[in-house]
Structure formats: C-alpha cells, structure tokens
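Observations on the model geometry
This is what each chain is made of:
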Amino acid sequence: MRLTLRSKSTLFQSYSTKTGSTVFALSSGHGRCGVAVIRVSGPSSSEAVKTLCGKTKLPHPRLASLQRLIDPSTSEVIDRGIVLWFPGPASFTGEDCAEFHVHGGTAVVTAILDALGSLPGLHHAAPGDFARRAFLNGKMGLTEVEGLGDLINAETEAQRRQAIRQMEGDLGNIYSDWRNRILKCLANVEAFIDFDEEENIEEDAMKIATVEVEKVSKEVEHHLADNRRGERLREGVHVAIIGAPNVGKSSLLNMLCRRPAAIVSPIAGTTRDVVETAINFTGYPVLLSDTAGLRETTDIIEKEGVKRALDRAQKADLKVLMMDATNVINTKSPHSKWSEYILDHMVCLGIPATTLQNFDQSSPNTEYMNSGQFLETKKSSSPPAQDMHPDQESVSREVLDQSGDEDPALNSVIVAINKSDLLSEKERTLLPSSKDAKCPVCILSCSTSEGLDAFTALLADQVKDLCGDPLASSPTLTQVRHRAHLKLCHQHLVRYQSHVSSQNTVLAAEALRRALRELGQITGTVSVEDVLDVIFKDFCIGK
C-alpha cells in the first residue's frame, strides 16, 4: 500500500469510523501496582474527561491536575487521581487524548474502564490501536512504530539501545534519505523522457541521475551486508550446545542459566529433546539450546532427538562443541593438527560440512514471504548421523585445507573441553589453544567451575561480535521485512543501470519507481504526487 499524507488521512477517517472513533485502554500493563495509567484517544476524549471529573471545563492542556473521578451512572467517587489533557494534534496519536493516572488496584482500574465503556462513542482499544493512530496521523513512521514495539519488548540493555535509536528515527532517516535521492533521480529521468526534444531541461540530467543511483545502490548493498547484527540483537543470538553423550552439555547449560534448567545424569542419552532457555547474557539476548548427545542409535526416540539436535546446530548462530578432555587426550594423534582433529570429531558426530558454516537466514527473500516453507526446506537439508554421505569427511577436509589462519568451517564454533579436573598437570599442557585449533577454545570443568569465567568471557565476546554495538556507526537492519524489501530495492537499482546502458529510459524510470515502492513499503510513504512536486520544484519547464 502506498500511503501519502492525503491517503493516510483518508485511511484514518475510514479506520476511525469503523472503530467508533474514540478508544481507551489500560496503558501501564496489567496486574496490581502503585499507579495505573488509562489512556483515551479520539474526538470524544474531551467529553470523557469532563464526565468522569464531573466538571464542565477541561483541565489546562499538558498540566497534571488532581481530580475526583466519578462513576457517571451512580455519581459515586471511584478514586482520586491525576488527569492529563492533550488536545490534538499535539499528542501522541495526533488527536485529542487524555490520561487518567489512578491507583493500580484491580477494583479501581476495572471501575474506571467500566465507566469509560459506558459513555457513548467510546470502546476498548484493539492491540496497537494508539500507535496505529499515531502512524496514520503522521506522528510516527513505520520504522519508528516498530522501534516503539521493540522498546516495549526489550529485555536487555543492548536491545533497549537499539530500539530507542530506531524509535527516534535514525533508521527511518536513512531510508528517507535514499527515498528522496531516488525520487529526485526519477524526476530527472521522467523529465528527460517527456521534455528531451524541447531541450528545456538541465544538461546531463540522465548522467547526474545515473551517478546518484549508483551511489545509493552501493549504500543499500553495504547496509544489507551487516551479517544480520540488528536482527540477531532483536530476536536473540541462538547458541546450540552440541556434542557426544555425557560430555557435560546439560551441566554447562545449567551453569550459564544459574538454575537447573536441564536434567543432569551420568546416564548417556538422558537429554532426548532440545531444552531451550532465554537469558540476558552480559546485556545481550541469548537463546541457549541444550541438545541430545550425537551418536548412532537404534532407539526411535533418541534418534529423533539426534535429528533435532542436528537441525538446531544448523540454524544456530553459534555452536558450542562440548568435548570430554579425557577422550581428547586418548584419541588425538600427536601427528595430526588440532583443527583437523576437531573437524573430524564433528564429522564423526554426524554434523555435515554445510552445518559448520554460519547459517545465513537472510539470503532468500522467501523467509519474509514464506518463512515456514523456508525453514522446512532448511530442516530437510540436514541429514541425521546414520544417513551421512560417505564422502562427507573428504568434503570437510577439503574445506579445511583451503583455510588460512582461521578455519572458515569453524568460524561459528566455540570448543569447550570439559572435565579438565580429571587430567594431570602434564596432560593439561597437551590440550589445544585457540591458535592451535584455529577457533575459540576454552578448557573448563563443570564439576569444579574451573574455567567457567573464561568461557563466559569468550562467549560474551562472540555474542557481542555477532550483534555489534547498537550505538556505534549507522543503525542496522532490525526486521526481516526490511531486508526483503531492501533486497528488492537493490535489484531494481541494478536493473536501472542495465536499462540505462541499453538506452531504454522508459524501463529505467520504471525500475526507479519500483525501487521507491519497496522503500515505501518500509517507511509507509511513496506516491506519484511526490515525483511531480520534485519536477516543478527543481526544473524550469516550458520557460
């Protein structure tokens, strides 16, 4: 949908008529509290204030006033509270608004809501009603509305920082800048098509437009190449703890969560399903997954658990490979490289070489359009251990041989070698360092907590690297839909260059229009009238 201020106003009028114009709701959250805030928005807000306050005049705008709030049906005093009056358009929604700050007891809140519901023209707001009205009245852009939603749902400090930056318009300003520049380029191209023969347009108009489109195209491409940092920060970094049975995966999960989230037992195969726990990890959102031990088995239930573990490993942003220190000492050949040993160990566990690479969830546009089907496709591409291709090991070694100082096949893997307390001092010196393994390595003991602080610091660094600093440099993408539309926008900008090279200016203009439309799907604003405004402003046509 292409929304201009005019079409927004029309849409808002039909929306207001459909919903009954004035809405109210508890805005401070449910449950008993010291103070509850009830918001009213719409043309009948003034009558609601006067009726509940029992007065004929409204309070002074934007000044808190202590009022007795009266039930209009019984004239009984419900509560004494603060009333705030915000006449439109200088309000959050852009229309007349009021707020009742009352005591947060269940009976008080219910009585106020019932009193408002008894007034003509007022009804309970639907989810997102107030933010929707703010958008339709031009008070907020779509990206700002999404930032507000993320701010409300933020659970970590990093999420809050990213959300507040988006809500203040930093991300929307980038898209608006691209939109304005493409709009001007489109105006140049349209003028060249319509008035080239009259020679009443600026010289080199097409050349100027083409140079600018190329700049915008490179900026969009760079913006997309963010490794999904903003999306990871918004949704949480997925960390899968994988490994053979009985190596300490569940113990590590419990230590990171600081609670018994998973059952710990010396019996191999205790964990049959994926155990997920969301935690605030050093200010970043992390979704930890404890998985079933990877091994060949004839047990139907355990086999399903192994399949789910492999699937979770494929989709994880980070994989923590748990290894038994005693087993490492006994099976590692002194002549083999540590990176080869770790990679061979993962292959023996049944982890395909494709899983060892970072799973790029942002590559297909179909994730936004049809995410369910896309995830099922990804899921089916991860074979269980017993169905592995016989050439899997050779494929993994080929990837390893092509690597330099850092093995690309292990760039999303942290190796945690557990049970170090069972080794002698001499045996500990034989364990690898991160430099030896060409990936992050931590030696620890879940029994004694030795090395846990070092592992926590290592994991924190990896998580921060994946999410980035939300306050550093330019804001990153936070929504899958933004990425889908920006990819299409970039494709149209590339097509523009191709059409210009073939001197097909009509198709070049259409490519710019489609690029604008994709940006408009993100910000909520694009129209033909905007193009005309730029033409009349920047060109002297028919002098």
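Nothing here was measured: the structure is a model prediction, and the numbers come from that model. (Residues numbered from 1 in each chain as written. Predicted model: local features only at pLDDT ≥ 70, side-chain atom pairs only at ≥ 80, totals over all residues. Heavy atoms only, no water.)

1. Some thoughts on the overall build of the protein chain
When helices and strands are tallied, the protein chain shows 22 helices and 12 strands. Buried residues in the protein chain amount to 50% of all 543 residues. Of all intrachain contacts in the protein chain linking residues separated by at least 6 positions in sequence, the fraction that spans at least 24 positions is 70%. (Helix = DSSP H or I, 4+ residues; strand = E, 2+ residues; numbered from the N terminus. Buried < 20%, exposed > 50% of the residue type's maximum accessible area, 1.4 Å probe, protein only. Contact = heavy atoms within 4.5 Å.)

2. Side note on the pattern of salt bridges
All chains considered together, the criterion is met by 28 salt bridges. Linking aspartate 177 and arginine 181 is a salt bridge whose minimum nitrogen-to-oxygen distance equals 3.0 Å. Of this pair, aspartate 177 and arginine 181 both sit in helix 7 (residues 170-195), 4 residues apart, roughly one helical turn. A salt bridge links glutamate 214 to lysine 218; the shortest N-O distance between them is 3.8 Å. Of this pair, glutamate 214 and lysine 218 are both found in helix 8 (residues 205-224), 4 residues apart, which corresponds to roughly one turn of the helix. (Salt bridge = Lys/Arg side-chain N within 4 Å of Asp/Glu carboxyl O.)

3. So, the sheet that holds strand 7 (residues 237-243)
Pairing between the strands of a sheet comes from backbone hydrogen bonds, and it takes one of two forms, parallel or antiparallel. Spatially, the 6 strands line up as an open sheet ordered 8-9-7-10-11-12, and their pairing is mixed. Two strands lie at the open edges of the sheet, namely strand 8 (275-281) and strand 12 (441-443), each paired on one side alone. The mean inter-strand angle of the sheet, taken between neighbouring strand axes irrespective of direction, is 25°. As defined by bridge partners, strand 7 adjoins strand 9 (residues 284-290) across 5 bridges and the pair is classed as parallel. Opposite valine 237, over in strand 9, you have valine 286 as the bridge partner. The strands touched by helix 11 (residues 300-315) are strand 7, strand 8, strand 9 and strand 10 (318-324); relative to strand 7, the strand with the most contacts, the crossing angle is about 135°. Helix 13 (residues 338-348) rests against strand 7, strand 10 and strand 11 (413-418) of the sheet, and its axis sits at about 95° to strand 10. (Pairing = 2+ DSSP bridges. Axes fitted to C-alpha atoms, helices over the stretch in contact; angles between N-to-C directions.)

4. Things to note about the sheet that holds strand 1 (residues 22-26)
One open sheet accounts for 6 strands, arranged 3-4-5-2-1-6; its pairing is mixed. A strand with exactly one partner marks an edge of an open sheet, and here the two such strands are strand 3 (65-70) and strand 6 (122-124). On average, adjacent strands in this sheet sit at an angle of 30° to one another, irrespective of strand direction. Relative to strand 5 (residues 97-104), strand 2 (residues 33-41) runs antiparallel, the two being bridged by 8 bridges. Looking at the pairing, valine 37 lines up with histidine 101 of strand 5. Contacts from helix 3 (residues 106-117) reach strand 1, strand 2, strand 3, strand 4 (77-86), strand 5 and strand 6, with the element oriented near 150° to strand 5. Contacts between helix 4 (residues 129-136) and the sheet are confined to strand 1 and strand 2, with strand 1 contributing the most and set at about 135° to the helix.

5. Notes on the nonpolar core
Judged by nonpolar contacts, the single largest core of 62 residues is most densely connected at Leu252, Leu321, Val415, Phe455 and Leu459. Ignoring any residue separated from it by four or fewer positions in sequence, one finds leucine 252 in contact with Ile241, Val320, Met322, Leu444, Cys446, Leu452 and Phe455. (Core = buried A, V, L, I, M, F, W, Y, C linked by side-chain atoms within 4.5 Å.)

6. Considerations on the side chain of threonine 297
Secondary-structure assignment places threonine 297 in the loop between strand 9 and helix 11. A distance of 3.0 Å separates a polar atom in the side chain of threonine 297 from the backbone nitrogen of aspartate 299. A polar atom in the side chain of threonine 297 sits 3.3 Å from the side chain of glutamate 302. Each residue touching threonine 297, except ones within four places of it in the same chain, is listed here: Glu302 and Lys303. (Polar contact = N/O pair within 3.5 Å; in protein donor to acceptor, adjacent residues only side chain to side chain.)

7. Thoughts on helix 4
With 7 of its 8 residues buried, helix 4 lies for the most part within the structure. Immediately beyond the C-terminal end of helix 4, within one or two residues, lies glycine 138, with a positive phi of roughly 75°.

8. So, unusual backbone geometry
Here the amide bond leading from glycine 88 into proline 89 is cis, since omega sits at 5°, within 30 degrees of zero. If you check the backbone angles, serine 75 has positive phi at about 60° while not being a glycine. With respect to the helices and strands, serine 75 occurs in the loop between strand 3 and strand 4. The exposure class assigned to serine 75 is exposed, which follows from its relative accessible area of 59%. At glutamine 503, a position not held by glycine, the phi torsion is positive, near 60°. Note on placement: glutamine 503 falls in the loop between helix 20 (480-501) and helix 21 (505-523).

9. Things to note about the pairing of strand 2
Note on strand geometry: in a regular strand, side chains alternate between the two faces of the sheet. Judged from the 4 bridges that link them, strand 1 and strand 2 form a sheet pairing that is antiparallel. Bridged to leucine 26 within strand 2 is isoleucine 38. The hairpin formed by strand 1 and strand 2 contains 6 residues between the paired strands, and glycine 29 there has a positive phi angle of roughly 95°.

10. Side note on the side chain of aspartate 71
Relative to the helices and strands, aspartate 71 resides in the loop between strand 3 and strand 4. An unpaired buried charge is present at aspartate 71: no salt bridge exists, and arginine 68, the closest side chain of opposite charge, is 15 Å distant. Reaching out from aspartate 71, the side chain makes a polar contact with the side chain of serine 73 at a distance of 2.8 Å. Apart from residues no more than four positions distant in its own chain, aspartate 71 is found in contact with Glu76 and Ile78. (Lys, Arg positive; Asp, Glu negative; His and termini not counted.)

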